[in-house]
Amino acid sequence: MFKATVYVTIKENVLDPQGTAVQGALHTMGFDDVERVRIGKYMEIDLNTTDRAEAESRLKAMCEKLLANTVVEDYRFELTEHVKEGV
Amino acid sequence: MRWAVLVFPGSNCDIDCYKAVEALGEPVDYVWHTADDLSAYDGILVPGGFSYGDYLRCGAIARFTAVMGALVKAAEAGKYVLGICNGFQVLTESGLLPGALLRNNSLKFRCHPADLRVENAATPFTREYEAGEIIDIPIAHGEGNYYCDEATLAELKANNQIVFRYAGSNPNGSIDDIAGICNKAGNVFGMMPHPERAVSELLGSVDGKRMFTSILSAWRESNGAAAR
């Protein structure tokens, strides 16, 4: 089994209105040291495979096709192998 | 001319679209997202709403339904495809139209009448409007902020694919005030405002009606005046 954590973020050159609003709120609260806020998505995916290379290529396909819209978003993922409990 | 209105779980402007076509006296069917054949239809409407609850991204999940496979084939065959609001988002997600729709720059769901300028009156969707005409069509969206990269924008301009721009203040921050674009071939069109909500004086505007009559007259012209 592999556990994948997928991060989807808005591309650097694309405006992130949510991040801008949160940044403004943090400033209002007195967190003046905040220079920039970008909001993205975090996903956890369990994959039923023992082949790391296969898991990577499957995840890449998932990200390209569905999990990220590559017109406006970037993605990256981390894979960690783990053994099912009781197996 | 036979029309289809696609219906996904969460579509909520399907009935408005159906009624707008019905008012033309043309045959129209609701087509559920599991259908895999649209070959019987000449015009296909992808309605507004919140398909699949807008989960992940607006239109991202709807884009992988069976009916979307059929829609891609219909678009390639030159059928008229009109995506409104969430329908526009579905068309960009599917790659039938370039770019993407982002969160409104105000972060607010904007729901009010909007003035649009007809930039291209030579498409099958706008042939009954005048170029430069200002029309009154309501908007209702939280993610209508059209974005594309500079190269795509230059291409849209070069091919006259920008069909509508917001004429008053831009309600969502879209690039170059874009409200609606078509594909290069001109048979696939997506827009954030709702023409189907502007087809009767009772609704506050009739300016959307000519979009539907435009499509009908374009179809009649290319299929012989007697065809139905």
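Residues numbered from 1 in each chain as written. Chains lettered and ligands numbered in written order. Predicted model: local features only at pLDDT ≥ 70, side-chain atom pairs only at ≥ 80, totals over all residues. Heavy atoms only, no water.

K.L.:
It is not clear to me how the overall build of chain B should be interpreted in this structure. Could you clarify?
P.N.:
Helix and strand content of chain B: five helices and eleven strands. Taking 228 residues into account, the globule formula puts the C-alpha radius of gyration at 17 Å, and chain B, at 16 Å, falls close to it. When the backbone C-alpha atoms are referred to their principal axes, chain B occupies close to 45 × 40 × 35 Å. Taking the intrachain contacts of chain B between residues at least 6 apart in sequence as the baseline, contacts between residues at least 24 apart amount to 72%. By element, 50% of the accessible surface of chain B is carried by carbon and sulfur atoms, the whole surface being about 8,900 Å². Separation between the mean location of the 19 positive side-chain charges and that of the 27 negative ones in chain B comes to 1 Å. (Helix = DSSP H or I, 4+ residues; strand = E, 2+ residues; numbered from the N terminus. Rg over C-alpha atoms; globule rule 2.2 N^0.38 Å. Contact = heavy atoms within 4.5 Å. Areas by Shrake-Rupley, 256 points an atom, 1.4 Å probe, with all protein chains shown as cover. Lys, Arg positive; Asp, Glu negative; His and termini not counted. Charge placed at Lys NZ, Arg CZ, Asp CG, Glu CD.)

K.L.:
Any chance you could explain the nonpolar core here in plain terms?
P.N.:
The nonpolar side chains of soluble globular proteins are, as a tendency, buried together. With 68 residues, the main nonpolar core has L38(B), L71(B), F164(B) and M211(B) as its most contacted residues. Counting residues in each nonpolar core, the second largest holds 13 residues, with F2(A), V6(A), V8(A) and A68(A) among its members. (Core = buried A, V, L, I, M, F, W, Y, C linked by side-chain atoms within 4.5 Å. Buried < 20%, exposed > 50% of the residue type's maximum accessible area, 1.4 Å probe, protein only.)

K.L.:
So what exactly am I meant to see when it comes to the sheet that holds strand β3 (residues 43–46) of chain B here?
P.N.:
Note on sheets: strands pair through backbone hydrogen bonds, and any given pair is parallel or antiparallel. All names here are of chain B. Reading across the sheet, the nine strands line up as β2-β1-β3-β4-β11-β10-β9-β6-β7 and stay open at both edges, with mixed pairing between neighbours. The open sheet has two edge strands with one neighbour each: β2 (28–32) and β7 (134–141). Neighbour-to-neighbour, the strand axes of the sheet open up by a mean angle of 25 degrees, direction not taken into account. The sheet contacts of helix α1 (residues 14–22) involve β1 (3–7), β2, β3 and β4 (80–84), and relative to β2 the element is tilted by about 155 degrees. Sheet strands touched by helix α2 (residues 66–76): β1, β2, β3, β4 and β11 (188–191). Its angle to β3, the strand with the most contacts, is close to 135 degrees. (Pairing = 2+ DSSP bridges. Axes fitted to C-alpha atoms, helices over the stretch in contact; angles between N-to-C directions.)

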